[in-house]
Structures are given as C-alpha cells and as structure tokens.
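Architecture at a glance
The lines below spell out each chain.
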Amino acid sequence: MATARLENVTKRYPDQLAVDRVNLSIEKGEFLVLVGPSGCGKSTTLRMIAGLEHATEGRIWIGDRLVNHVSARDRDVAMVFQNYALYPHMNVQKNLSYALRLRRVSRSEIDTRVRRVADSLDLTRLLARKPGQLSGGQRQRVALGRAIIREPKIFLMDEPLSNLDAKLRVQTRSEITQLQRNLGITTVYVTHDQSEAMTMGTRIVVMKDGRIQQIDPPHQLYRYPANTFVARFIGTPPMNMVTCRLERAGETARLVGDCANVPCPETARAPLAAAGETFIVGFRPEDIKVSGDIANDAFGGEVIAFEDLGHEALVTVSAGGEQFIARLAPDIGERVRLGDRVGFSVDSARLRFFDRETGTAIVTKGVGQSGNQEINQR
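Keep in mind the model is a prediction, meaning the values are calculated, not measured.

Details of empty space enclosed by the protein
In the structure shown here, the tally under the stated rule is 2 cavities of 30 Å³ or more. Reported here for the largest cavity is a volume of approximately 50 Å³. Going through the elements one at a time, β7 (154–158) and α5 (166–183) are the ones with two or more residues in the lining of the largest cavity. The leading source of residues in the lining of the largest cavity is α5, at 4 residues.

In structure tokens:
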C-alpha cells in the first residue's frame, strides 16, 4: 500500500476542460471517495492516477515516484470497472490468476493467492464456473478479486456497483468496505451516488465542473458544507436554503425572510452584516422541530406537500417564493395536514450561512465552521 498525490493536475480535451488544477493527497490505507454529478471530472481524475489518461498539466505521485510518464501497467495499481471486464471463456479460477500468470509467478504462489482471495470473497465454490454462469454480484466479486490478487499499491474503483440492483448494491458496498479495512489497501473509489460516498469513504472529495469543492470526512462534509453546491448535493433531502436579511433593533438582531423570522446567533452578526444585504441560511430537514403556529421565532409557512414514508414523514412548507422540507417523526407528521400553516424552530448552532452571490460558506466562530478541508484556489 502507498500514498498518492496530485499537484495542480489538469486535463484538457480539444473541446473541454475536464479537470482543472486538482490538488489532492491520498493517505496510506485510506478509503477516499470521489463523488459528484456526471461530467464533474471524477472518473477522469481516477484514470489519470491509473495512467489510462495523461495529465495535460501538473504532477502525479504514487509513493515517492513521479508517474506522469510511467505506463499504466508499470504503476502497480489495480482498477475495477463498472462493466466487470472479465474474460468470458475463462472460469473464475483462471480469471483470478490471469495477471499472476502473465507475470510468471510460480504455480504454488498462484494457488495460494487464489485460495486466499476466493475465501475472502466467498468465491471458493464458484472457481470452476465461467462469468456467464454467475450473478451480477458474483461477477463483481470476481472483478474485485482479480484486482486484489495482484497486491497493488493502490486500488482504484470506477463506479463498480452501478450495474447492480438497489438491494445488491447495499450488500456489496458493505462487503467492499469491510474488505478494504481488513486488507488496509489504499483505495480511491468513484461514484455519483452520495449515499455510497457517505457510507464507504473515510474522506470524501466532492467535485463539480472539474474542480474540487470540498474534502472532508462524511460527518464534517454533511454538517459543514463549504458552499451551496455541496450543501445541496450531499443529503437526501438536501439542506434547506432560504434567503434572509439581517434586521437589527437595539441589542437584538433577527434573520428575516419569506420563510424566516428567527433570532440571529450573536457570533454570526458581524460576518452576516459584512456579507451583503441578503444571504442564504441553510439547515438540514432533521434539525427542525414543530413549534406550533407561525410565531415570531420560527421558520414557517403553508404545508404544500406531505410524504409519509412509514419511518418518517417529509413535509414541504412554502411561504412567498421560498420553500423548505422538514423531516418529522411519523407520530408528529400525522398531526400535520396539507394547507396547514405551521412554524418550526431550529437550534441556532445548526444554522449554516452562505454568500448569496458566490455560494461560499460564511464562516463564523462557533457557527458553520468547517473542519479540515482542502479546496481548490479559485
């Protein structure tokens, strides 16, 4: 296992800037996830680490070795693709051992490694079968095993679960996470599914338009998004965002908007006053509690949608041109009806603030402060 480092890595195609000045350090043994919408540059970044794409600018290090001009086969990395890429005419045993046979590894060593990998992935009883005789989940485990058996420095995965059904995806992502922790292999994993990213990664890299938006552990990313894009992309439902202005009256200050009329946290007053006439206030759906009818201390409005999911209820509230979603316990949700006008309280420590023009988080002491992040310089 090894570290990896990208320094100002850029990838340009004739008609597109796919990756723009990415700086990224991957620690030894960590499970790093690249996540973002289609076209954000995450797969291109992974392919440049693998050597399947050449960086237009910047430097890529694997361990202490600069690999920009090192071929993919000589970088000592293993990659798993979403289409499995198994040899259909070979059985599982031969698919697993193929890379070792190319390297002329001894027969006894090949047998030992195949048994060890097959046992860890529950493939022992399937060694004589060909890919066409396997389920999608089994084929994916063979693809994982073929990469693991090489004992690479870095394990690269490009949306390996995208061809599986929803139930099997949940099962397989758990298996991959446990396997990575047991083996301790440095892993870089690409997905567009934020739930996959949040449940699998020790750190998550959120990308958009070829640039890194934020790098943080899952909890930090969820609680302290660096900008409105991350706040909306991470979380289902996403973070609520309403436009507010700061109104002062003597020693008091309030956040006021179509959906809001709440006290402003004292630590946020100076940064918000400097942010402009209006700004965005964000809060997660689970952070709000029913406080009764709309009052002076509330986010509130009219209930325009109600979703009963059994274990929870999602209530959409509208006022003026603003909307937000509340996640409620089922028993509380049963008391809310379409057309009701309701108010919700939010712990001020849970509020996040963003610049309305740039979308960047307005960082205030004790309120909305992120942990350790790496964000591309604009």
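After that view of the structure, there is still more to cover.
Let's talk about the confidence of the model for the chain
Confidence in the prediction of the chain, expressed as mean pLDDT, is 89, and 94% of residues score 70 or more. Looking over the chain, one finds the lowest element-wise mean pLDDT in helix α10 (residues 330–333), namely 78, and the highest in strand β9 (residues 203–208), namely 98. Considering only residues more than four positions removed or in separate chains, one finds that residues 368–378, a stretch of pLDDT under 50, has 42 contacts.

A look at unusual backbone geometry
Peptide bonds are trans in most cases, and residues, glycine excluded, mostly fall at negative phi. Following Thr-236, the chain continues to Pro-237 via a peptide bond in cis, the omega torsion being -10°. Structurally, Pro-237 is set in the loop between α8 (228–233) and β11 (240–249). Phi at Arg-104 takes a positive value of approximately 60°, unusual for a residue other than glycine. Within the element layout of this structure, Arg-104 appears in the loop between α2 (92–102) and α3 (107–120). By relative accessible area, which is 75% here, Arg-104 ends up exposed. Located in the positive-phi region is Asp-122, a residue other than glycine, with phi close to 60°. Checked against the element boundaries, Asp-122 lands in the loop between α3 and α4 (136–148). On the basis of relative accessibility, which here comes to 47%, the residue Asp-122 falls in the partly exposed class.

Digging into the sheet that holds strand β5 (residues 65–66)
Spatially, β2-β1-β4-β5 is the arrangement adopted by the 4 strands of the open sheet, whose pairing is antiparallel. Single-partner strands in this sheet number two, and they are β2 (16–26) and β5. In this sheet, strand β4 (residues 57–62) lies alongside strand β1 (residues 4–13) in antiparallel orientation, the contact comprising 5 bridges. Looking at the pairing, Thr-10 lines up with Glu-57 of β4. Contacting β1, β2 and β4, helix α1 (residues 42–50) runs over the sheet at an angle of about 115° to β1.

Here we look at a positive patch on the surface
Together, Lys-94, Arg-101, Arg-107 and Lys-130 line one region of the surface with positive charge. Residue position: Lys-94 is located in helix α2.

Points about the environment of Pro-218
For Pro-218, the location among the structural elements is in helix α7 (residues 218–223). Put simply, Pro-218 and Arg-203 are 15 residues apart on the chain and 6.4 Å apart in space, counted from C-alpha to C-alpha. Residues within four places of Pro-218 in sequence aside, it is in contact with Met-198, Gly-201, Thr-202 and Ile-204.

Details of the nonpolar core
In terms of nonpolar packing, the biggest core is built from 43 residues, with Leu-96, Phe-155 and Val-206 touching the most fellow members. Tallying contributions element by element places α4 first for this core, with 5 residues. Not counting chain neighbours up to four residues away, the residues in contact with Val-206 comprise Val-35, Arg-211, Ile-212, Gln-213, Gln-214, Leu-221, Phe-229, Val-230 and Ile-234. Core analysis: the second largest hydrophobic core is formed by 30 residues, Leu-46, Val-67, Met-79 and Ile-154 among them.

Here we look at the packing of aromatic side chains
Considering all chains together, one arrives at 7 aromatic pairs under this definition. On the numbers, 5.7 Å between centres and 40° between planes, the contact of Phe-31 with Tyr-189 is tilted. Taken together, the residues Phe-31 in strand β3 (residues 31–35) and Tyr-189 in strand β8 (residues 186–191) connect sequence positions 158 residues apart. Ring centres of Phe-279 and Phe-353 lie 6.4 Å apart, and the angle between their planes is 75°; this geometry places the pair in the edge-to-face category.

Re the pattern of salt bridges
This structure, assessed with the given rule, holds 19 salt bridges. Arg-245 is the salt-bridge partner of Glu-247, the closest N and O atoms lying 2.8 Å from each other. Overall, Glu-247 belongs to the partly exposed group, its relative accessible area being 35%. A residue is classified by how much of its surface remains accessible, and Arg-245, at 37% relative accessible area, is partly exposed.

Describing the side chain of Thr-177
In this fold, Thr-177 is placed in helix α5. A polar contact of 2.8 Å, which involves the side chain of Thr-177, links it to the backbone oxygen of Arg-173. Look past the residues within four positions of Thr-177 in its chain and what remains in contact with it is Phe-31, Thr-199 and Met-200.

A short note on the sheet that holds β9
An order of β6-β7-β8-β3-β9-β10 is seen for the 6 strands of this open sheet, with the pairing classed as mixed. Edge positions in the open sheet fall to β6 (77–80) and β10 (211–216), since each of these has one partner strand only. For this sheet the average axis-to-axis angle between neighbouring strands, irrespective of direction, equals 20°. Sheet topology places β6 next to β7; 4 bridges connect them, and they run parallel. Within β7, the residue paired with Ala-78 across the bridge is Phe-155. α1 rests against β3, β6, β7, β8 and β9 of the sheet, and its axis sits at about 150° to β7.

About the cut-offs
- Residues numbered from 1 in each chain as written.
- Predicted model: local features only at pLDDT ≥ 70, side-chain atom pairs only at ≥ 80, totals over all residues.
- Heavy atoms only, no water.
- 1 Å grid on protein atoms, 1.4 Å probe; cavity = no way out; pocket = protein on both sides within 12 Å on 5 of 7 lines; lining within 4 Å.
- Points joined across faces, edges and corners; volume = space filled by probe spheres on them.
- Helix = DSSP H or I, 4+ residues; strand = E, 2+ residues; numbered from the N terminus.
- pLDDT = per-residue confidence, 0-100.
- Contact = heavy atoms within 4.5 Å.
- Buried < 20%, exposed > 50% of the residue type's maximum accessible area, 1.4 Å probe, protein only.
- Pairing = 2+ DSSP bridges.
- Axes fitted to C-alpha atoms, helices over the stretch in contact; angles between N-to-C directions.
- Patch = residues over 30% accessible without salt bridge, like charges linked within 9 Å, V, L, I, M, F, W, Y side chains within 5 Å.
- Areas by Shrake-Rupley, 256 points an atom, 1.4 Å probe, with all protein chains shown as cover.
- Salt bridge = Lys/Arg side-chain N within 4 Å of Asp/Glu carboxyl O.
- Lys, Arg positive; Asp, Glu negative; His and termini not counted.
- Charge placed at Lys NZ, Arg CZ, Asp CG, Glu CD.
- Core = buried A, V, L, I, M, F, W, Y, C linked by side-chain atoms within 4.5 Å.
- Phe/Tyr/Trp six-rings, centres within 6.5 Å; stacked < 30°, edge-to-face > 60°.
- Polar contact = N/O pair within 3.5 Å; in protein donor to acceptor, adjacent residues only side chain to side chain.

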